[in-house]
Amino acid sequence: MNTNRVIEVDYLARVEGEGSLYLEIENGKVLRVEVGIFEAPRFFEAFLNGRKYYEVPDITARICGICPVAYVMSSSKALEKILQIDVSDEVEQLRKIIYLGEWVESHVLHVLMLHAPDFLGHDSLLSLAKEQPDIVRKGLVLKGWGNQVVRVVGGRSVHPVSCRVGGFHRVIRKEELLPLTRDLRRVEGYAKELLEWVLELPIPDFKRDIEFLSLRNEEEYPVLHGRIVSNKGLNIHEDEFEECLTTEQARYSTSLRYRLKGRGPYVVGPLARYNNNYDLLKPEVREVVESHGYKAPLSNSFQSIIARAAEVYHAVLELEELINNYREPKQPYMEGMLCEGVGAAVTEAPRGLLYHRYTLSEKGYVVNVNIIPPTSQNLASIEQDLLALGDKLVTLDQTRAQWLAEQAVRNYDPCISCATHFLKLNYVSKEHRHTE
Amino acid sequence: MRKLKVAVFKFSSCDGCQLQFLNMEEELLRLMDNIEFALFYEARRFAEPGPYDITFVEGSVSTPHEVELLAKLREDSKLVVAVGACATSGGIQALRNWADVEEFKRQVYPRPEWIEVLKNAEPPSKYIRVDYEIRGCPVSKEQLMLFVLQLLKGKTPSLPVDSVCLECKRKGNVCVLVVRGMPCLGPVTMSGCGALCPSYSRGCYGCYGPMADSRPAVLNKRLKELNIRPKDIQLLFKQFTGWSKEFRGVIDEYE
Ligand code: SF4
Ligand code: SF4
Ligand code: SF4
């Protein structure tokens, strides 16, 4: 085996957005890891300045086509804090419905189309579909159902139009939601089967000591509210979040990344939510997980696919209750009080904590913004995983090593489109980095 | 029948339009009998070299590197189809075209000198010949499907030309502009979404871009009569398709 080599992936496939990977191996040790981002910067923070507050959710939705609902919700909640709006319980439930619909749709997309093919040596869902048509078809039905939930509440699944600061543009009627339950037995069955299928995947052996960060509240598996907690004792309010972070810029990858002050890199996302809130998952979900010899905590990043599949099953079960118990709100939204102020909010995007902070002028125009998407928070940890994976990578031939390294990046379902609204353009000047 | 060799490629964007291919779900598997995704990084690890029968491009062109990639794709493709607001009018990124991008760099990046971007974010048609444009932010997957099916059947694909208002009428929506005095870009916006926003009790914000022969100046006048603040009229046009030349006219009036 050649012990001095470079693993280079120009285009990371099956991630959302454009990234690259660079690993330098010398004498059987991984010396350098760069998870590069070469997606063009999109300047959202800059052009949000001067926009009217009510336009913000529609605009921030366009940061990411895969998880627009998450952007709509974090920004709406942050703005509602400034405008002193307390949404009604009914609106809150409806928000949870559309949000969980996005979890189902986005998670199944990742599990089946982007990630599972790796474990089974396939290059795409389409080649997986030839070998295992049954699970692929069921997964697609499940994903379609998640999309349908978002569509019914939001009008369309990418960049929904019904949501606004203070609630929804119009009341979503119960009879619009009920058709979603028509197929529920089947969808529930598929969600369970998908989880069982994932639990049987050959998952590489790997372990690392990770600080997992997620929301937690004692009532429910967290989506829209809670305190920010970690498995290592952090417990803060969303207003304190920014103070706890250091922003770093790594010279080689020209990208910003975050660490917890005095604590180091951390991970957000399904694995973090699962580990910190395992007790709040539906008993049916825990039963399946445990019958396959797993439980919490999971400290192997490759097992994030398990957390994702568990969350899909959990979300389907929760959606059933939420839809059945849904009562139409009396008014679709609440108007707020226009005033100067600052507001920050966090919600649980499919990929993890999504933080938004806005400052509004007296007339309701945005004057300052900070958005911290999950992928940028995970970047430092992705690289640490790759370093820790070094022992394994050096024993593999180039093709397999490259594949495994890519897979390790895909564990995080990185959403580069989200991240690049502020990430650096890849700075291609290193002597060993070839350009096209 | 020989399978069509298809490429899906993104420039500066949110990935939402290419996601619409994956959102075809079960239909996607059926489509695979007739087309092959030879290049589609969001879905496939391996990329096959061109030439491609159809190349769908998403996103706007905003860096010098993207200009080069685009030219190469054009060379490699029989048909180039721009999908979505970013690829047909610059999209959300193009909001920076009214500002000084150097200033934007300084606002967002601690090391602005490392950022290499073009002065403007532009649709691919600014740089290359584009054969078809499918509108929307996001593009509608039904329109995408129909487009591909028409090509497969050897037909010349047809795309809408009329306004969102006509879809409203067909659906029997209550007009939010006339009845509720809400600002709505429906009269000047291309149909294709099924008048989604008015169906959810809000005005259209123009995500499908200007319709054929759009007259935004007339709507502009109407909005003034509704006593909407000039700045807010400007912001209404200056959203996801603001950089289209028709909407730009109104926006510049208020600059
Ligand atoms: S047009 Fe809209 S949905 Fe499509 S890529 Fe651009 S921002 Fe995303
Ligand atoms: S609501 Fe808007 S799109 Fe519909 S008819 Fe009225 S102006 Fe036209
Ligand atoms: S009504 Fe207008 S803004 Fe709404 S989806 Fe249709 S074109 Fe887009």
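Rules of the game
Residues numbered from 1 in each chain as written. Chains lettered and ligands numbered in written order. Predicted model: local features only at pLDDT ≥ 70, side-chain atom pairs only at ≥ 80, totals over all residues. Heavy atoms only, no water. Helix = DSSP H or I, 4+ residues; strand = E, 2+ residues; numbered from the N terminus. Buried < 20%, exposed > 50% of the residue type's maximum accessible area, 1.4 Å probe, protein only. Near = heavy atom within 4 Å. Nonpolar A, V, L, I, M, F, W, Y, C, P; charged D, E, K, R; others polar. Contact = heavy atoms within 4.5 Å. Buried area = accessible area lost by both parts, 1.4 Å probe. Salt bridge = Lys/Arg side-chain N within 4 Å of Asp/Glu carboxyl O. Polar contact = N/O pair within 3.5 Å; in protein donor to acceptor, adjacent residues only side chain to side chain. Pairing = 2+ DSSP bridges. Axes fitted to C-alpha atoms, helices over the stretch in contact; angles between N-to-C directions.

## Focus: the environment of L353 of chain A
Residues and elements named next belong to chain A.
Next, step 1: Within the secondary structure, L353 is located in strand β12 (residues 352–360).
Next, step 2: Under the relative-accessibility criterion, L353 is labelled buried at 0%.
Next, step 3: When the C-alpha atoms of L353 and A78 are compared, they prove to be 14 Å apart, with 275 residues separating the residues in sequence.

## Things to note about the site of ligand 1
Next, step 1: Close contacts around ligand 1 come from 13 residues, with C14, C17, A85, C86 and C137 of chain B the closest.
Next, step 2: Residue neighbours of ligand 1 fall on chains A and B, so the site bridges chains.
Next, step 3: Where the shell around ligand 1 is concerned, the elements lending two or more residues are α1 (16–22) and α4 (84–89) of chain B.
Next, step 4: Ranked by residues supplied to the shell around ligand 1, first place goes to α4 of chain B with 3 residues.
Next, step 5: Looking at side-chain class alone, the shell around ligand 1 contains 6 nonpolar, 5 polar and 2 charged residues.

## As for the interface of chain A and chain B
Next, step 1: Taken together, the contact between chain A and chain B spans 79 residues of the former and 65 residues of the latter.
Next, step 2: Buried surface at the junction of chain A and chain B, summed over both partners, amounts to about 5900 Å²; 62% is from carbon and sulfur atoms.
Next, step 3: Put simply, K52 of chain A and D232 of chain B hold a salt bridge, and the shortest N to O gap is 3.3 Å.
Next, step 4: One can count 23 residue pairs in polar contact (both at pLDDT 80 or more) joining chain A with chain B.
Next, step 5: Of all the elements in the fold, those that place two or more residues in the side of chain A that touches chain B are α1 (44–48), α2 (56–61), α4 (89–119), α5 (125–131), α6 (133–154) and α14 (398–410) of chain A.
Next, step 6: Per-element accounting of the side of chain A that touches chain B gives the leading share, 11 residues, to α6 of chain A.
Next, step 7: In terms of residue class, the side of chain A that touches chain B is built from 36 nonpolar, 19 polar and 24 charged.

## Notes on the pairing of strand β13 (residues 366–372) of chain A
Residues and elements named next belong to chain A.
Next, step 1: Counting buried positions along β13 gives 5 out of 7 residues, so the element sits mostly inside the fold.
Next, step 2: Sheet topology places β12 next to β13; 6 bridges connect them, and they run antiparallel. Bridging from a neighbouring strand, H356 pairs with I371 of β13.
Next, step 3: Where β12 folds back onto β13 in an antiparallel hairpin, the turn is made up of 5 residues, including G364, whose phi is positive at roughly 90°.

## Points about the sheet that holds β12 of chain A
Working definition: the strands of a sheet are paired by backbone hydrogen bonds and lie parallel or antiparallel to each other.
Residue and element names in this part refer to chain A.
Next, step 1: Spatially, the 3 strands line up as an open sheet ordered β11-β12-β13, and their pairing is antiparallel. The open sheet has two edge strands, β11 (341–349) and β13, and neither has a second partner. In this sheet, adjacent strand axes meet at a mean angle of 15° when their direction is disregarded.
Next, step 2: Contacting β11, β12 and β13, helix α12 (residues 374–388) crosses the sheet at an angle of about 130° to β12.

## Some details on the pattern of salt bridges
Close approach of charged atoms allows side chains with opposite charge to pair.
Residue and element names in this part refer to chain A.
Next, step 1: Using the criterion set out here, one finds 41 salt bridges over all chains in the structure.
Next, step 2: K77 is paired through a salt bridge with E92; the nearest N and O atoms lie 4.0 Å apart. Here the residue K77 occupies a position in helix α3 (residues 68–83), and E92 occupies one in helix α4, the gap between them amounting to 15 residues. Across this residue pair, the class does not change: K77 and E92 are buried.
Next, step 3: A salt bridge links R186 to D183, with the shortest nitrogen-to-oxygen separation between them at 2.9 Å.
Next, step 4: The class for R186 is partly exposed, based on a relative accessible area of 37%.
Next, step 5: Look at D183 and you get partly exposed, because its relative accessible area is 31%.
Next, step 6: Salt bridges sharing common partners tie together D134, R137, K138 and E193.

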